[in-house]
Amino acid sequence: MSILRAIRDGLRRLTSRASFERDLEDEVEHFVEEEARGATLGGLDPGEALRVARARLGGVERIKEDARAGGWEFVVDTFIHDLRYALRTLRRNVGYTSAAIATLAIGIGGSTAVFTIVNAAFLRPPAEVRAPDELVSIYTSDYSGPPYGSSSYPDIDVFREQTHLFSGVVAVAPRPIGIGEGDDLRNEGLELVSADYFATLGVRLALGRGFGPDEGRTGVPVAVTVISHTLWQQDFGGSRHVIGQSVRLNGRPFSIIGVAPSGYRGAIRGIAISAWIPVPAGALIGNEGGERERGNRSYLVTARLAPGVTVEQATAGLATVARNLAQSYPEAWLDVTRTGRRISVLSEAESRVPPQVRGPVLGFAGLLLGTMVLVLLVCCANVAGLTLARAARRAREMGVRLSLGASRRRVVRQLLTESSVVAVAGAAGGVGLALLVSRGLNAWRPPLPLEVALDLRLDARVLLVALGIAVATVLLFGLAPALRASRAAVSGMLKGDEGAIAVGGRRRVSLQGALVTAQVAISMLLLVGAMLFVRSLHSASQIDPGFAPDHLLLVDVEPRPDLQGPTDEAGVAAQLQRQIGGLPGVTSVSWGSTSPLALGSSRRYIQIDGYRPAEGEDMEYHYNFVGPRYVDALGGTIVAGRGISDADVAGAPLAVVVNEAFARRFWRGESPLGKRLTPSEQTPDQWHVVVGVSRTAKYRSLTEEPLPYLYFPALQEPGHGVVLHVRTAVHPLSVRDAVRREVAAVAPTWQVRSVRSMEQQMGVSLTPQRTAGVLLSLFGLVAVMLAAVGLYGVVALAVAARRREIGIRMALGATARGVVRLVVGDGARLVLIGIALGLPAGWAIARLLGAFLIGEAARSVVTFAAATVVLVMIALAAAWMPARRAARIRPMMALRDE
Amino acid sequence: VADQSTDLIQGTLDMLILKAISLEPLHGFGVARRIEQISRDVFRVNPGSLILAFRRLERDGTVTSEWRATQNNRRAKYYQITTKGKKRLEAERREWERRSTAIARLLEA
């Protein structure tokens, strides 16, 4: 009842403001008159009586203000009033408003964009999956020890039997695949999955059904597929009749039985999947899944915990399973330590980032977030500086308000309302900017074998963070100036006394100075970071990869899985070597099962004649199956013996070429030639004899330590794939089409899956450094520019406050040059302090970034010197402009102003 | 201006206002004067606090107001106590007496 009444009265007061004000006015006036009447009776003349009465009442406006402050409507009303006033004053001051909003939009937009990425990569629970908190990932440890390896299909069946632990267990193996045919052939992502995949994950299909038990039966491939929403839209126009139609996967027609919901892009975060097929159907597209082999661990495992089961219970239960498996299948379950492998369980949230790369990925994300927070701080400092300068210009207004009886709280609230308007506009601009950035990122396709896809939509969490950032910025840039303005000395401000401003302002200028110093320090930090990455990229280009990356074309060729034809890999590769070698512009050709600096590489167990591995020693080494004259085509060097040659064919003595790092590891001080080794699968009478030693090159990344490496003859062990290495005299990409034609002519049933130059491939391997470099340079540039604007602002303000002082100096004979030096000197001091603070911070950053940096960049004094010089130059330019204006002050004008 | 009324506890001012208008409707200044006269100038009422208190009492529904002409023909806002106001005055008076008796006893003891 009374609440209703309060609302009604409040609304009435809000809507009929004028009459409320008139009533209040009348009532107060009545008081005054009655007081005065009393006083006239006491003998005072009426005018004097009225004055005394007013004085006794103690401020008519104050009384009204008290009376107004009664109800909730007052708060709303003040807010509306403040808002209107804020909009009006902000509109009048376009310079400040647009600068502040733009700066905030950059800060908020940038941090929102970064948070969008972090959110999509780590924080957002998987979309379209039922109860994701019940999901866990299961890992079998690798042979050489690392705990988070993939698992084998028969083992996954054993996990599935643990019904007291799991209500469902699914196997997933992502594979690159060609979708479509002819010119429309595209490389996209596919998941080989166990039949219970959609049911266990609880993904509700947009159309059709998931896989049934019949489609998951081992050894019985059924050509059915569930396609992604995107593929459905792109290739089938979103037609509801898509069910039952067929889509070509690696050339083989698959019948479409279902369409995934639009938000669902597969079980592995960051990899966009276009189609799902049952594991046994992998045989149809050239992906033998090895479902019967316990030693073939190529499946990632996701399981749904049974009701009430915790991750710890599941881990404990699977430890028993692991012991039993190691007893029953010692061959597949014993590892290098000769003890059983271990099984690990991670919750869905913990396994969003693949645990093997957790450190670097989180480090990179931290770097990104940290950088962004710094930029945001610079933005806030900058806007705070602008706001302080503006508050100084409004000192008189504040003085009037305070002396007319506005409470300090009221003034602070008014100023904060203005800041909020600016922040809200900045936040809106920022969210718009973030949308643009994330749209740009979504369109960006890094040259990787599988499409990288993060769901970069803005969700409630992102918007909430953007809002939080906006509120924080209001407090950061709005509160300090507001408090300061409201505290100012009334009398000095009213007189417009420059001296009073300078006294109150001495502190204000120094607060602004502190802000600029902080900005310079942060800019220094970012600049150092950016330069480190640029230098690091430069050093990367200086690293000798141990082969000649220029004039080298890499061509992946493979038999088309849909066509029957010769799959005599060795024969086709040898013939391609001859034919392509005869092309004009081509100087030499060979092939390997892989190429250096490609993503992913394999290791195999190596047993060495006469060497007994230490307890727990990792004896798996990286290798490549290569054709004759491979090292020549790669542009590497054979330092002893010979390379793999035409002599190393099936039937000839088994050969191997080791690199210097391998030779040094096992035969230090001896000649490796003639030594013997064998991969584990082979019986010890099949020794490979070391026929040559190659110079150690870079195989997996440019920054790796010297890596022991082995070349086995592909002609003696074919079947591991063919990557042609074509060395050219001309630009490598210019022979691309000729190579394609040769492949089509030599092996009509084969296809070219991918063509790239080695330089392109090396570019991909530097993607993390390049991305970080670009981002930091961008952020650094923004920060430096903001710092320059901030410095300009603070120097300009100082000049305004010291106008009279400068006038007197000039009247007393100071030269224009002297004035410039005075003003620039003040600015320079701030910058130097900022740099002094920024240097050690930059040093710390350089150490933190060490993991990402290549070469000696991290310890380089040159980097720090360069950053310092750049900052000083920019700062001097920013301070010089207002200084020149100061030098033009006419002494008479400045003094007469008073 | 020595304004001792600021020493009043908030509820007390409300009670004094209600008491002042319990016999006949009064305008704001009249209420102030009546409180001052009857208390023999012990309590001086700040007009701001008084107007604020009227707003509060109106909102609670313990007083109503209307504009009327004063004896010397000027427009003034007259406040009148409602039934609810009378009940509240009675309740507050009892509570006040209970307390002041208790305090008096304590001081005499």
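Preceding this section is the structure that the text describes.
Residues numbered from 1 in each chain as written. Chains lettered and ligands numbered in written order. Predicted model: local features only at pLDDT ≥ 70, side-chain atom pairs only at ≥ 80, totals over all residues. Heavy atoms only, no water.

Draft legend 1. Focus on the overall build of chain A. The helix and strand tally for chain A stands at 27 helices and 24 strands. Counting every position in chain A, which comprises 898 residues, the buried fraction comes to 49%. Once local pairs closer than 6 in sequence are excluded, the contacts in chain A between residues at least 24 apart make up 80%. (Helix = DSSP H or I, 4+ residues; strand = E, 2+ residues; numbered from the N terminus. Buried < 20%, exposed > 50% of the residue type's maximum accessible area, 1.4 Å probe, protein only. Contact = heavy atoms within 4.5 Å.)

Draft legend 2. Quick peek at the pairing of strand E14 (residues 552-559) of chain A. All names here are of chain A. By the criterion of burial, E14 is predominantly enclosed, with seven of the eight residues buried. Here seven bridges tie E14 to strand E24 (residues 750-757), and the two strands are oriented antiparallel to one another. The residue bridging Pro-559 from the neighbouring strand is Trp-750, located in E24. (Pairing = 2+ DSSP bridges.)

Draft legend 3. Region of interest: the packing of helix H25 (residues 816-848) of chain A against helix H26 (residues 861-887) of chain A. Residues and elements named next belong to chain A. Contact geometry for H25 and H26: axes closest at 8 Å, N-to-C directions at 155 degrees. Put simply, H25 runs roughly antiparallel to H26. Crossing geometry of H25 relative to H26 is assigned as right-handed. Across from Ala-816, Val-819, Val-820, Val-823, Val-824, Val-831, Ile-835, Leu-839, Gly-842, Trp-843 and Ala-846 in H25, the residues of H26 making contact are Phe-864, Thr-868, Leu-871, Val-872, Ala-875, Leu-876, Ala-879, Trp-880, Ala-883, Arg-884, Ala-886 and Ala-887. In terms of residue class, the contact of H25 with H26 is made up of 20 nonpolar, two polar and one charged. (Axes fitted to C-alpha atoms, helices over the stretch in contact; angles between N-to-C directions. Parallel < 35°, antiparallel > 145°, perpendicular 65-115°, else oblique. Left-handed = near helix turned anticlockwise from the far one by under 90°. Nonpolar A, V, L, I, M, F, W, Y, C, P; charged D, E, K, R; others polar.)

Draft legend 4. Representation of the packing of helix H7 (residues 153-161) of chain A against helix H10 (residues 311-328) of chain A within the structure. All names here are of chain A. For the pair H7 and H10, the least separation of the axes is 11 Å and the interaxial angle reads 135 degrees. Of the possible angle classes, the one that applies to H7 and H10 is oblique. Every pair of crossing elements has a handedness; the one defined by H7 and H10 is right-handed. Note on element contacts: H10 touches H7 through Leu-318, Val-321 and Leu-325, opposite Asp-155, Val-158 and Phe-159. Its residues assigned to classes, the contact of H7 with H10 shows five nonpolar, no polar and one charged.

Draft legend 5. Here's a closer look at the environment of B:Ala53. Residue and element names in this part refer to chain B. With respect to the secondary-structure elements, Ala-53 resides in helix H3 (residues 47-60). Overall, Ala-53 belongs to the buried group, its relative accessible area being 0%. Remark: the alpha-carbon pair of Ala-53 and Asp-14, spanning 39 residues in sequence, is separated by 6.6 Å. Setting aside residues up to four positions removed in sequence, Ala-53 forms contacts with Leu-13, Asp-14 and Ile-17.

Draft legend 6. Region of interest: the sheet that holds strand E1 (residues 26-27) of chain B. All names here are of chain B. Reading across the sheet, the three strands line up as E1-E3-E2 and stay open at both edges, with antiparallel pairing between neighbours. Since the sheet does not close on itself, it has two edges, and those belong to E1 and strand E2 (63-69), each with one partner. Where E1 lies against strand E3 (residues 75-81), two bridges are found, and the strand directions are antiparallel. Across the sheet, Leu-26 pairs through a bridge with Tyr-79, a residue of E3.

Draft legend 7. Expanded view of the side chain of A:Gln577. Residues and elements named next belong to chain A. Of note, Gln-577 is situated in helix H18 (residues 569-581). A polar contact of 3.0 Å, which involves the side chain of Gln-577, links it to the backbone oxygen of Pro-628. The residues contacting Gln-577, other than those within four sequence positions of it, are Val-589, Ser-590, Trp-591, Pro-628 and Arg-629. (Polar contact = N/O pair within 3.5 Å; in protein donor to acceptor, adjacent residues only side chain to side chain.)

Draft legend 8. Spotlight on the pattern of salt bridges. Inspection of every chain in the model, using the stated rule, returns 30 salt bridges over all chains. The partner of A:Glu134 in a salt bridge is A:Arg304, with the nearest N and O atoms 3.0 Å apart. Remark: A:Arg304 occurs in strand E11 (residues 297-305) and A:Glu134 occurs in the loop between helix H6 (94-123) and strand E1 (135-140); sequence separation between them is 170 residues. In this structure, the salt-bridge partner of B:Arg34 is B:Glu24, at a minimum N-O distance of 3.0 Å. Of this pair, B:Arg34 sits in helix H2 (residues 28-38) while B:Glu24 sits in the loop between helix H1 (10-20) and E1, placing them 10 residues apart in sequence. (Salt bridge = Lys/Arg side-chain N within 4 Å of Asp/Glu carboxyl O.)

Draft legend 9. Seen up close, the environment of A:Pro718. Residues and elements named next belong to chain A. Of note, Pro-718 is situated in the loop between strand E22 (709-713) and strand E23 (722-728). Each C-alpha atom, one on Pro-718 and one on Asp-568, is 8.4 Å from the other, the two residues being 150 residues apart in sequence. With sequence-adjacent residues up to four places away left out, Pro-718 is seen in contact with Glu-569 and Ala-570.

Draft legend 10. Spotlight on the packing of aromatic side chains. Residue and element names in this part refer to chain A. If you walk through the whole model with that rule in mind, you get 21 aromatic pairs over all chains. Note on Tyr-611 and Phe-666: the rings are 4.9 Å apart at their centroids and 85 degrees apart in plane angle, and the pair reads as edge-to-face. Within this pair, whereas Tyr-611 is found in the loop between strand E16 (603-608) and strand E17 (620-626), its partner Phe-666 is found in helix H20 (residues 660-666), the two being separated by 55 residues in sequence. By relative accessible area, which is 26% here, Tyr-611 ends up partly exposed. Judged by relative accessible area, Phe-666 falls into the buried class, the value being 10%. On the basis of an interplanar angle of 35 degrees and a centroid distance of 4.8 Å, the ring pair of Trp-843 and Phe-864 is categorised as tilted. You can see Trp-843 sitting in helix H25 and its partner Phe-864 sitting in helix H26, a full 21 residues away along the chain. (Phe/Tyr/Trp six-rings, centres within 6.5 Å; stacked < 30°, edge-to-face > 60°.)

Draft legend 11. Summary view of the pairing of strand E10 (residues 273-278) of chain A. Residues and elements named next belong to chain A. The element E10 is extensively covered by neighbouring structure, given that six of its six residues are classed as buried. As paired elements, strand E4 (residues 186-193) and E10 share five bridges and run parallel to each other. Bridge pairing in E10 places Glu-191 opposite Trp-276. With two bridges connecting them, strand E6 (residues 224-227) and E10 associate as antiparallel partners. Counterpart to Ile-227 in the pairing with E10 is Ala-275.

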